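Okay, here's what each chain looks like letter by letter:
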Amino acid sequence: MHKAAMERPYKALFIDIDNTLLTFRPSAEIAFRKTFEAMGITYEPSYYEVYYWIGDVLWTQQQRQQITVQEIHDTIFHRLLAALAIDADADAFGKFFHQQLHEEAILEPEAAEALSYLSERYKLYVASNGMLDMQRSRLQVAGILHYFSDLFVSDNIGAEKPSEAFFEEAMRRSGVAPNEVLFIGDSLQADMTGALRSGIDRCWYNSHAAPVPESLPLNYVIQRLSEVKAFL
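What you are looking at is a predicted structure, and each value in this text was computed from that prediction instead of being measured. (Residues numbered from 1 in each chain as written. Predicted model: local features only at pLDDT ≥ 70, side-chain atom pairs only at ≥ 80, totals over all residues. Heavy atoms only, no water.)

Caption draft 1: Main features of the domain arrangement of the chain. Domain boundaries in the chain define domain 1 (10-22 + 105-228) and domain 2 (23-100). Placing the centre of domain 1 and that of domain 2 at their C-alpha centroids yields a distance of 25 Å. Contacts between the two partners involve 22 residues from domain 1 and, on the opposite side, 14 residues from domain 2. Both sides of the domain 1 and domain 2 interface together cover about 1,300 Å² of buried area, and 52% of this is carbon and sulfur. Taken as a group, Ile106, Met131 and Glu160 account for 36% of the area that domain 1 buries against domain 2, more than any other trio of residues on that side. Seen at the junction of domain 1 and domain 2, the total is zero salt bridges. Along the contact surface separating domain 1 from domain 2 lie nine residue pairs in polar contact (both at pLDDT 80 or more). Among the elements of the structure, helix H6 (132-142) and helix H9 (188-197) are those that each provide at least two residues to the side of domain 1 that touches domain 2. In terms of residue count, the dominant contributor to the side of domain 1 that touches domain 2 is H9 (three residues). In terms of residue class, the side of domain 1 that touches domain 2 is made up of nine nonpolar, seven polar and six charged. (Domains from an automatic or database assignment. Contact = heavy atoms within 4.5 Å. Buried area = accessible area lost by both parts, 1.4 Å probe. Salt bridge = Lys/Arg side-chain N within 4 Å of Asp/Glu carboxyl O. Polar contact = N/O pair within 3.5 Å; in protein donor to acceptor, adjacent residues only side chain to side chain. Helix = DSSP H or I, 4+ residues; strand = E, 2+ residues; numbered from the N terminus. Nonpolar A, V, L, I, M, F, W, Y, C, P; charged D, E, K, R; others polar.)

Structure below.
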């Protein structure tokens, strides 16, 4: 799903991180296993599935603006250890896990090549929920931090996707108007719906070939990041 690029000459691109530029699950699994090992607790692969399920519930609530990213960070390991009936310090688990996640980064296919191409044509900005220090570290580990003019991350922005406040602050800091920016991201709720509310064009990175929703207007839909070359 493309339209002619010249219909909207963008000045900047806002790009999500997790599952758009960096594949989250394998990095998180490595950090998760290291955390159990550091805490002296025998690790079972099924533990991550429980963590993933709890996280999915919490992130869905966050996208509905019912809870915050910080609340997810503060509570997820408490819920996990309770579900697994493990008697351990949940706060210590969470702290160690997030420290480990700082150092884990696996690129999405074609991410580096796409950024190299796009950075020669547009100003690029990260637009992500999460913690600024962690996201900066992961981009550095992945070797792609230098492509970005600035990083807009929720704990530093003071608002979270999909709220309009997040997008408005990102536009203020980057000095662009809604009609001058395109958002590229994988989340229909946090990225595409959030951008739509702020009048920003939307490119959905649909790497799993999910059904395209008829109720949500999208300017572009791609399954591979290299496809951006066709319209940008």
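Caption draft 2: Focus on unusual backbone geometry. With an omega of 15 degrees, the peptide bond running from Lys161 to Pro162 counts as cis. Looking at the element boundaries, Pro162 is found in the loop between helix H7 (154-157) and helix H8 (164-174). Phi angles above zero are rare outside glycine, and Asn19 is one such case at about 65 degrees. Position of Asn19 relative to the elements: it lies in the loop between strand S1 (12-15) and helix H1 (24-38). Positive phi values are uncommon outside glycine, yet Gln65 reaches one of about 60 degrees. Locating Gln65 in the fold gives a position in the loop between helix H2 (45-63) and helix H3 (69-84).

Caption draft 3: Here's a closer look at the packing of aromatic side chains. One pass over the full model with this rule turns up 22 aromatic pairs. Above the ring of Tyr52, the side-chain terminus of Arg25 is found at 4.9 Å from the ring centroid. (Phe/Tyr/Trp six-rings, centres within 6.5 Å; stacked < 30°, edge-to-face > 60°. Lys NZ or Arg CZ within 6 Å of the ring centre and 35° of its normal.)

Caption draft 4: Seen up close, the sheet that holds S1. Pairing is parallel in the open sheet, where six strands are placed in the order S3-S2-S1-S4-S5-S6. Looking along the sheet, the strands with just one partner apiece sit at the ends: strand S3 (150-153) and strand S6 (220-222). Recorded for the sheet is a direction-independent mean angle of 20 degrees between the axes of neighbouring strands. (Pairing = 2+ DSSP bridges. Axes fitted to C-alpha atoms, helices over the stretch in contact; angles between N-to-C directions.)

Caption draft 5: H8, seen in detail. Listed in full, the buried residues belonging to H8 are Phe166, Phe167, Glu169, Ala170, Met171 and Ser174. Next to the buried residues of H8 lie S1, strand S2 (123-128), S3, H7, strand S4 (181-185) and H9. At the C-terminal side of H8, Gly175 shows a positive phi close to 75 degrees. (Buried < 20%, exposed > 50% of the residue type's maximum accessible area, 1.4 Å probe, protein only.)

Caption draft 6: View of the nonpolar core. Ranked by internal contacts, the top residues of the largest apolar core, which has 33 residues, are Leu13, Leu124, Phe148, Leu182 and Leu232. Of all the secondary-structure elements, those providing two or more residues to this core are S1, helix H5 (111-119), S2, H6, S3, S4, strand S5 (201-205) and S6. The leading source of residues in this core is H5, at five residues. In this structure Leu182 touches Tyr10, Ala12, Leu13, Phe14, Ile200, Asp201, Arg202, Cys203, Tyr220, Phe231 and Leu232, once residues within four positions along its chain are discounted. Among the nonpolar cores identified, the runner-up in size contains 24 residues, and Ala28, Ile72, Phe93 and Met134 belong to it. (Core = buried A, V, L, I, M, F, W, Y, C linked by side-chain atoms within 4.5 Å.)

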